[in-house]
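Listed below are the residues making up each chain.
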Amino acid sequence: MEEPFETKILTRFEKYEEFFALQQSILALDMTTERSAEDSWKDATTMQQLFTIFTMYREQNYLLDPFLEKLVTPVVDKLKAHAQYLADTKQSVQYTKTLTNVGELLYYYIKCRGYKTIVRFFPHEIADLSVALEFIQGLDDIKHPSIWPLQYIVLLWISLICMIPFDLNQFDEVADAGRTASTLETIAKNSLGKSGLARQGASVLLSRLYVRNDTRVRLPGFVEWSASALGVLETLCETVKISPADIILSHATVLFRITELAEQSSMLMTNAVVRKARIKLVSRIALRMLPAAPRVVLRKGRIISTGDMADSGDASEHQDEDDIPEEIETVLEQLMHALQDRDTIVRWSAAKAVARIAERLPADFTNQVVDTVFSLFSIHSIGVASLYDMPAIAESTWHGTCLACAELARRGLVADDKMPDLINWISKALYFDIRKGAHSVGSSVRDAAAYVLWSLARAYDKSVMEPFALDLARKLVAVSVYDREIHIRRAVSAAFQEYVGRMAIFPHGIDVLGKTDFFAVGLRRNSFTIAAPQVAQHEEYRASLIDHVINVGLRHWDSSMRLLAAQSLRRICELNLVNLGPECAQRVRVLLKLPDPGDVQGGLLALAEIASAYSESGEMEKLRSDIFTYLADAPFGMIESSRHELVTAAACELIASSISLEEIQLSTRSTVPHWRKVVDVGLKHRNSTVQEAASNAMNVVSRLVDCSATVQRYASVHLAGAPMLQQSLARLLGRLDYTAHPHGISEALDCLLESVKLASPKRMQNIEARRNCFTSMTSILTLVAPQLQDYLKPTDVCTIMEALIGGLEDYTLDERGDVGSWVRIACIQGLTTCSLALIAQAGTLANFADYLPAARYLLVVAGILKQGVERLDNVRQQAGEHFLKLLSNPLPLIPDAEYWRIRGEPLMQELFLSDTPVGWQDSSWIFPRAVRLLEISEYRRGILTGLLLSIGSKTHSTQLPVSNSLIEYARSLPLADGEKQHYDLVSFVHDAIAQAKTNLGSNNNVIPVLQLFNLLLEADVLDRLVEDPANLKSLQALLSMTSRGVSKLKNVQRIQECMKVVINLLTLPAMYDACVMKLPEFISHPYPTIRAAAAEHLYLVLQTRDLGRDTEEAEELLLETEWLSPDKALVDEATRVLVEKLS
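A brief structural summary. Just so you know, these numbers come straight off a predicted model, no measurement behind them.

Regarding the overall build of the protein
Phase 1: Helices and strands together make up the secondary structure of the protein, namely 58 helices and 2 strands.
Phase 2: Each principal axis of the C-alpha atoms in the protein carries an extent, and together these give about 110 × 95 × 55 Å.
Phase 3: Within the protein, the proportion of its 1143 residues that are buried is 55%.
Phase 4: Of the contacts formed within the protein by residues at least 6 apart in sequence, a portion of 73% connects residues at least 24 apart.
Phase 5: For the protein, the accessible area works out to roughly 49,300 Å², and carbon and sulfur atoms hold 52% of it.
Phase 6: Separation between the mean location of the 116 positive side-chain charges and that of the 140 negative ones in the protein comes to 3 Å.

Structure, rendered in structure tokens:
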């Protein structure tokens, strides 16, 4: 799958001011008091905004460095001030959300920039120790899951204070010396048992504590304690790292014993973090046993080799081998096993450890370490035919080995005479990709191989790498443009850049680098189809790129990679099509005979692309015909198999790009006699992609010969067939080239129209088939539009337009949702395309008005506008885009063209073209504008219908904007316009009621109207209607509609909306008595839920609205009565009394 677009490359901390303001709003709060629920929600939103900014800069976190002091210091000071306040007032630490927010803010800084960078801004005065100590003890008493960031922060703070050279005993009484140190040790030990970062903070604190001169005596006790209490490996790692070597050596035996105990625990060894910590501890102990300085000072141009080891002049190289402790060999053996660990963090730690130890060993020992690392490559390679035949577990071994090689190379520890072996193995690692089920493993190996080559470029001299320059350049370029993963393409590109910049040994290095830089290889499609052909312009790289495409790309496990590889091969061949085309076609032909369907599909795709290149050149028909003959090499059994749809589609694409008139006329004597069967298999396939490919093939055939008989055959078989066959037939009829041959265009249109006609017995029930029918109608009309009078009569075009307009009313629902929207979108696109095509040809049509009558064009615009205000975002967006095309289109070049002008054009231009449109899918943008379209009488009914459907939406983001927009619009309307020149409130109410009455039996039609009136009544918009008795007829009609036949209704939502309308009308004085008499229909309804909802809503209305009557007794009765009671007699009596009290 194509990678998403890359995020913006940042150059500075652009969000500083916004970030600082958000942070200050958090720091301004009191950490001792709890916030309200609403304020807490606002604080959470602010913290989320801060976290989003942190995330934005995580990949380029160094951009924050100039601002860190200004940002971090206020947060730390706030935390310190709070801790000091609690210590001065002798108060205990209380959990508040603001307190944890400050802790989380500091944790975000550490997560983004690392604790070693952020801790530098912490206060570190001697007096802070007691404050921090009391604070951490108070935090330990809080049992809340979100307190851990604060604990981690305070532990780091204390560890920083412990680095100050002062005597801890000065905080203790003379008789109680050592209490502070013991407290620190106890707190840290207790935190070692916690999961998460609190354990890391405790490890840092203990390591800093045990290297102090006044507490160093506690280290032996901790080591002994560690031997019986596992889980302290991280602390020991930190301690061994910063403690003097003599202290570590005195406890080396016990420390090694601890690592052995950890290894013997099967439960602990299942944890990758524990395994990593054990490897880190073992290696750090070993480093303490070796000389502190590396054996050689690494610098560019100073490279170690087996031939000059003895003469290097470095005194440390003459170190007696007897001085190397025996434990080093054991440690190295453990590290070699760790290089094959299943977890990356363990392998990475082991790789660094191997290199660090190797650079402190004598020369011979270093060479042995390098040889041992190289030997790991061959563990899974022995007895396999190729790299791709290795087991999946080889990924761990090769990845760890590559990391170790990279670390050794960075330090210049690989001798010159071992360089050929290293380059050989790493060249293989660049192509490491092992299929595993539906995916592959090996991306980590390829990434590490790029790291090795990058390290070689930085550490070794030009003379060492020059013998491998051309081969390396070709491999690096191939992988940088053709690897599947973006991070690997960029990593290899970076390695190539190092060689170009530091050594200048690659052919056309700077030019190639400009074509394969960080951005050029970022998008896979761009890398394959643009960068690779540009590089192939250089002869030195062309052959290697072609080899990679054919041997790797076209045979890749990912089908999208095979498709891009085929396109890339075509682009490269086009550089010299006469020579490269036949050569590559012959090489690709071999893939068609392989048993793997992926290989066959890749070969077919590549041949199809080359044939298309021949076709576009216009001078290579013989070569194109030759490629068609290669289809015979592909196994027909695989092509017709339903399981290999990709192969079937590729075979159809090859036919489409290479078939010729001669082959069609040869019929059964064709070089590929079964090509018609291949197309038939594709057309009957259940996969839409295969159907599309087969339709493309028939499109090419239809340009060469008349396919009328074929069309009739397919129509007779497919029209009454399975849904998939109907979809294929509908798609096929729209792909034929009717301008080259008639192909029975009238029969094709009749078939399509009958398939979508609502009353037709031949109507296709499958929604995808109907969508394809509408799409095909559009394609046919657009195709023949330049010679319209030669192919279609005006009645034919009018019938097509009527069918497309009718398709806008398809609201089919199934388990997938509103699948009718697929048809509506196809009809929106079709109506726009057909209208534009007809208007463009208006000047050539003597009877244009017969082909596209102005009245029908008006219906087209109205139908699209209706879809533009409906509930589905994607439908609105499509309708909006296509309506704007019509709005911007010039009038037809005929007399009386004004009849085709869109009604209300000035208003529409003001609403939709006066500023940059946000998008019709944005409800808050479109609906305040859309309601004003009700002013245009020609479109009013459709617009109102669409708005009502949006009101009935269950999506809050749609329903709320349209509801508010309609309320504001209705409020702005005049009460009545006697001259009927402008829309008024009375007409609006009348139109809404009329909309409901068009189909009272449809809940989907009536409920949105009832919801609209409830909104208007609750917003007091209809209060003006009672001012004139003549206008009461609309309200009375509304009451009659909502209260008639309530007992017969089954839909609960409709009954509830009717109930709300009746009760809301009750607030109008002129309607009060009539509404009270209708209340028993709902208060005493057979459904208990309706009774309870009616009583609740009536009570709320009586409580919140001033009716000018005494309703206290009625309100009391509503509260006291159990309306959900199954005793219907009780409910009926209460209803009778309620009506009496309200009358």
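From this point, the narrative continues.
Description of the pattern of salt bridges
Where charged atoms of side chains with opposite charge meet at close range, the side chains can pair.
Phase 1: Tallied over the full model, the rule gives 58 salt bridges.
Phase 2: Put simply, Arg731 and Glu692 hold a salt bridge, and the shortest N to O gap is 2.9 Å. Taken together, the residues span a long stretch of sequence, with Arg731 in helix H37 (residues 723-735) and Glu692 in helix H35 (residues 688-704) at a distance of 39 residues.
Phase 3: Of the residues examined, Glu692 reaches a relative accessible area of 31% and is grouped as partly exposed.
Phase 4: Of the charged contacts, one joins Asp810 and Arg770 as a salt bridge, the two residues approaching to 3.0 Å between their closest N and O atoms. Of this pair, Asp810 sits in the loop between helix H41 (794-807) and helix H42 (820-840) while Arg770 sits in helix H39 (residues 767-784), and the two are 40 residues apart along the sequence.
Phase 5: Via salt bridges that share partners, Glu359, Glu407, Arg410 and Arg411 belong to a single interconnected network.

Regarding unusual backbone geometry
Phase 1: For Lys90, which is not glycine, the phi torsion reads 55 degrees and is therefore positive.
Phase 2: Positionally, Lys90 belongs in the loop between helix H3 (68-89) and helix H4 (97-113).
Phase 3: A relative accessible area of 71% means that Lys90 is categorised as exposed.
Phase 4: Of note, the phi angle at Asp896 is positive, near 55 degrees, even though the residue is not glycine.
Phase 5: Tracing the backbone shows Asp896 in the loop between helix H45 (873-888) and helix H46 (905-912).

Focus: the nonpolar core
Phase 1: Ranked by internal contacts, the top residues of the largest apolar core, which has 397 residues, are Leu456, Met465, Tyr499, Phe506, Leu569, Phe883 and Phe988.
Phase 2: Among all residues touching Met465, those that are not within four sequence positions of it are Met419, Ile423, Leu456, Tyr460, Leu472, Tyr499, Met503 and Ile505.

Considering the packing of aromatic side chains
Phase 1: Enumeration over the complete set of coordinates arrives at 30 aromatic pairs.
Phase 2: With a centroid separation of 5.1 Å and an interplanar angle of 65 degrees, the aromatic rings of Tyr482 and Phe528 are classed as edge-to-face. Taken together, the positions of Tyr482 in helix H22 (residues 469-482) and Phe528 in helix H25 (residues 524-535) put the pair 46 residues apart, joining distant regions of the chain.
Phase 3: For Phe528, a relative accessible area of 0% translates into the label buried.
Phase 4: Ring-pair connections join several aromatic residues into one group, and the members of that group are Phe13, Tyr16, Phe19, Phe20, Phe51, Phe54, Tyr57, Phe67, Tyr107, Tyr108, Tyr109 and Trp148.
Phase 5: In this structure, Lys428 is placed above the aromatic ring of Trp425, and the distance from its NZ or CZ to the ring centre is 4.9 Å.
Phase 6: The side chain of Arg940 reaches across the aromatic face of Tyr983, ending 3.9 Å from its centre.

Description of the packing of helix H1 (residues 16-27) against helix H2 (residues 37-56)
Phase 1: The geometry of H1 relative to H2 is characterised by a closest axis approach of 10 Å and an angle of 145 degrees between their N-to-C directions. Crossing angle aside, the handedness with which H1 passes H2 is left-handed. Where H1 abuts H2, its residues Glu18, Phe19, Leu22, Gln23, Ser25 and Ile26 lie against Asp43, Thr46, Met47, Gln49, Leu50, Ile53 and Phe54.

Some thoughts on the environment of Ile780
Phase 1: With respect to the helices and strands, Ile780 occurs in helix H39.
Phase 2: A C-alpha to C-alpha distance of 17 Å links Ile780 and Ala697, two positions 83 residues apart in sequence.
Phase 3: The residues touching Ile780, leaving out its near neighbours within four places in the chain, are Leu733, Gly734, Tyr738, Ile745, Leu749 and Leu752.

Quick look at the packing of helix H16 (residues 344-358) against helix H18 (residues 394-410)
Phase 1: The contact between H16 and H18 brings their axes to 8 Å, and the two run at 35 degrees. Crossing handedness for the pair H16 and H18: right-handed. Where H16 abuts H18, its residues Thr344, Arg347, Trp348, Ala351, Lys352, Ala355 and Ala358 lie against Ser396, His399, Gly400, Leu403, Ala404, Glu407 and Leu408.
Phase 2: Its residues assigned to classes, the contact of H16 with H18 comprises 7 nonpolar, 4 polar and 3 charged.

A look at the environment of Asp680
Phase 1: Structurally, Asp680 can be placed in helix H34 (residues 675-683).
Phase 2: Residue Asp680 is classed as buried on the basis of its relative accessible area, which comes to 19%.
Phase 3: When the C-alpha positions of Asp680 and Tyr714 are compared, they lie 9.4 Å apart, and in sequence the two are 34 residues distant.

With respect to a negative patch on the surface
Phase 1: On the surface, Glu326, Glu327, Glu329 and Glu333 cluster together into a patch of negative charge.
Phase 2: The topology assignment puts Glu326 in the loop between helix H14 (272-289) and helix H15 (327-338).
Phase 3: Taking relative accessible area as the criterion, Glu326 reaches 71% and is therefore assigned exposed.

What counts and what doesn't
Residues numbered from 1 in each chain as written. Predicted model: local features only at pLDDT ≥ 70, side-chain atom pairs only at ≥ 80, totals over all residues. Heavy atoms only, no water. Helix = DSSP H or I, 4+ residues; strand = E, 2+ residues; numbered from the N terminus. Buried < 20%, exposed > 50% of the residue type's maximum accessible area, 1.4 Å probe, protein only. Contact = heavy atoms within 4.5 Å. Areas by Shrake-Rupley, 256 points an atom, 1.4 Å probe, with all protein chains shown as cover. Lys, Arg positive; Asp, Glu negative; His and termini not counted. Charge placed at Lys NZ, Arg CZ, Asp CG, Glu CD. Salt bridge = Lys/Arg side-chain N within 4 Å of Asp/Glu carboxyl O. Core = buried A, V, L, I, M, F, W, Y, C linked by side-chain atoms within 4.5 Å. Phe/Tyr/Trp six-rings, centres within 6.5 Å; stacked < 30°, edge-to-face > 60°. Lys NZ or Arg CZ within 6 Å of the ring centre and 35° of its normal. Axes fitted to C-alpha atoms, helices over the stretch in contact; angles between N-to-C directions. Left-handed = near helix turned anticlockwise from the far one by under 90°. Nonpolar A, V, L, I, M, F, W, Y, C, P; charged D, E, K, R; others polar. Patch = residues over 30% accessible without salt bridge, like charges linked within 9 Å, V, L, I, M, F, W, Y side chains within 5 Å.

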